[in-house]
Amino acid sequence: MIELILLGTFVGLLSGLFGIGGGTILVPLLLLLGYETKIAIGISVIQMVFSSVYGSYLNNKKGTLDVLMVVIIGLGGFTGALLSGNITASFSDETLEMVFLAFAAFALIRLFMKTHDYKHEKKVNKAVLFVTGFVIGAISMSIGVGGSLILVPILVGFLHVPLKKATSAGLFFVVFSSVSGLISHTLHGHVDYTSGIIIGLASLAGVYAGIHLKHHILNVSLQKKLLTVLYLIIVIYLLYRIF
């Protein structure tokens, strides 16, 4: 119980601070504690429901959330995530861990790419936004991550959305994808609700602290350095575990 509470608080802190769903960190930690891969993915999806809903509420209060744009992408994510339980059930634990490793490696590499903070956003066809959300939702929920890690660079790089606004949008997207993913994974028996709810509730305190740090204390440069170290540790652990 204590381990799960501490785990939830820590993941919630990172979720609020970096605008991520938390699954990229939570799934490897659950594997380290001895959970099976598919169950770890299911627990991660529960935690993301808690942290993304609460985090998006706090971001909206601070005025950094473009609700209309993300609702369109989110509906696509919701639809795509309904397929996630089927996708997860179709692959072995080893294959899912390999996909997760690739996802974490991509996250690490992206941090070394220069991010431009644009002042003027581009207008994009709503159908394109929906399809983008669908693909991200289907893939990300299949391995227990929220999808914001892919969505944020798309918003910043292609739509020229300001970085803070993009990270807030990424967390709001996770609301749609995680709720849908939870439904799908529950139907396939991948969810340990007891562990997931404990972690999810504990993550709320962490989310509050993380969003406060993001807006008032840490600058973008320090956030990037901390996230780089975190992803590097995750990639090394997954490499050790798989090979």
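Residues numbered from 1 in each chain as written. Predicted model: local features only at pLDDT ≥ 70, side-chain atom pairs only at ≥ 80, totals over all residues. Heavy atoms only, no water.

A. Structural view of the overall build of the protein. Counting its secondary structure elements, the protein contains eleven helices and zero strands. Of the regular secondary structure in the protein, the N- to C-terminal order runs α-α-α-α-α-α-α-α-α-α-α. A compact globule built from 243 residues should have a C-alpha radius of gyration of about 18 Å, and the protein, at 16 Å, falls within 12% of that. Along the first, second and third principal axes, the C-alpha atoms of the protein reach 45 × 40 × 35 Å. Out of the 243 residues in the protein, the part that is buried amounts to 53%. In the protein, 85% of the contacts between residues at least 6 apart in sequence involve partners at least 24 apart. If you sum the accessible surface of the protein, you get close to 10900 Å²; carbon and sulfur atoms cover 71% of it. (Helix = DSSP H or I, 4+ residues; strand = E, 2+ residues; numbered from the N terminus. Rg over C-alpha atoms; globule rule 2.2 N^0.38 Å. Buried < 20%, exposed > 50% of the residue type's maximum accessible area, 1.4 Å probe, protein only. Contact = heavy atoms within 4.5 Å. Areas by Shrake-Rupley, 256 points an atom, 1.4 Å probe, with all protein chains shown as cover.)

B. Structural context of the packing of helix H2 (residues 23-32) against helix H3 (residues 37-61). Between H2 and H3, the shortest axis-to-axis distance is 9 Å and the interhelical angle comes to 140°. Between H2 and H3, the interaxial angle falls into the category oblique. The way H2 lies across H3 gives a crossing that is right-handed. Every residue of H3 that contacts H2 at Gly23, Leu26, Val27, Leu30 and Leu31 is listed here: Thr37, Ala40, Ile41, Ile43, Ser44, Gln47 and Met48. Residue classes in the contact of H2 with H3 are distributed as eight nonpolar, four polar and no charged. (Axes fitted to C-alpha atoms, helices over the stretch in contact; angles between N-to-C directions. Parallel < 35°, antiparallel > 145°, perpendicular 65-115°, else oblique. Left-handed = near helix turned anticlockwise from the far one by under 90°. Nonpolar A, V, L, I, M, F, W, Y, C, P; charged D, E, K, R; others polar.)

C. Broad picture of the nonpolar core. If you look at the biggest cluster of nonpolar residues, it comprises 35 residues, and the most contacted ones within it are Leu30, Ile199, Tyr231, Ile234 and Leu238. In this structure Leu238 touches Phe100, Leu101 and Ala104, once residues within four positions along its chain are discounted. In this structure, Val70, Leu155, Ala169 and Phe173 belong to the second largest nonpolar core, which totals 18 residues. (Core = buried A, V, L, I, M, F, W, Y, C linked by side-chain atoms within 4.5 Å.)

D. The side chain of His190, seen in detail. Following the sequence through the fold, His190 ends up in the loop between helix H9 (163-187) and helix H10 (193-216). Within the local environment of His190, its side chain forms a polar contact with the backbone oxygen of His188, the two atoms lying 3.5 Å apart. Ignoring anything within four residues of it in the chain, the contact list for His190 reads Lys38, Ile39, Gly42, Gly85, Thr88, Ala89 and His185. (Polar contact = N/O pair within 3.5 Å; in protein donor to acceptor, adjacent residues only side chain to side chain.)

E. Representation of the pattern of salt bridges in the model. One pass over the structure, following the stated rule, counts one salt bridge. One salt bridge connects Glu97 with Arg241, and the closest N-O pair in it is separated by 3.1 Å. Of the two residues, Glu97 sits in helix H6 (residues 93-110) while Arg241 sits in helix H11 (residues 220-242), which places them 144 residues apart along the sequence. We classify Arg241 as partly exposed; its relative accessible area is 33%. (Salt bridge = Lys/Arg side-chain N within 4 Å of Asp/Glu carboxyl O.)

F. The arrangement of the packing of aromatic side chains in detail. Scanning all chains against the criterion turns up one aromatic pair. Measuring from centroid to centroid gives 5.5 Å for Phe172 and Phe176, while their planes differ by 80°, and the two rings are edge-to-face. With a gap of four residues between them, Phe172 and Phe176 both fall in helix H9, about one helical turn apart. (Phe/Tyr/Trp six-rings, centres within 6.5 Å; stacked < 30°, edge-to-face > 60°.)

G. Summary view of the packing of H3 against H9. Axis separation between H3 and H9 bottoms out at 8 Å; the angle between their running directions is 145°. Helix-helix and strand crossings are classified by hand; for H3 and H9 the assignment is left-handed. In this structure, H3 contributes Ile41, Val45, Ile46, Met48, Val49, Ser51, Ser52, Val53, Gly55, Ser56 and Asn59 to the contact, and H9 contributes Ser168, Leu171, Phe172, Val174, Val175, Ser178, Val179, Gly181, Leu182 and His185. In terms of residue class, the contact of H3 with H9 is made up of twelve nonpolar, nine polar and no charged.

H. Representation of the environment of Leu204 within the structure. Its place among the elements puts Leu204 in helix H10. Put simply, Leu204 and Thr9 are 195 residues apart on the chain and 7.1 Å apart in space, counted from C-alpha to C-alpha.

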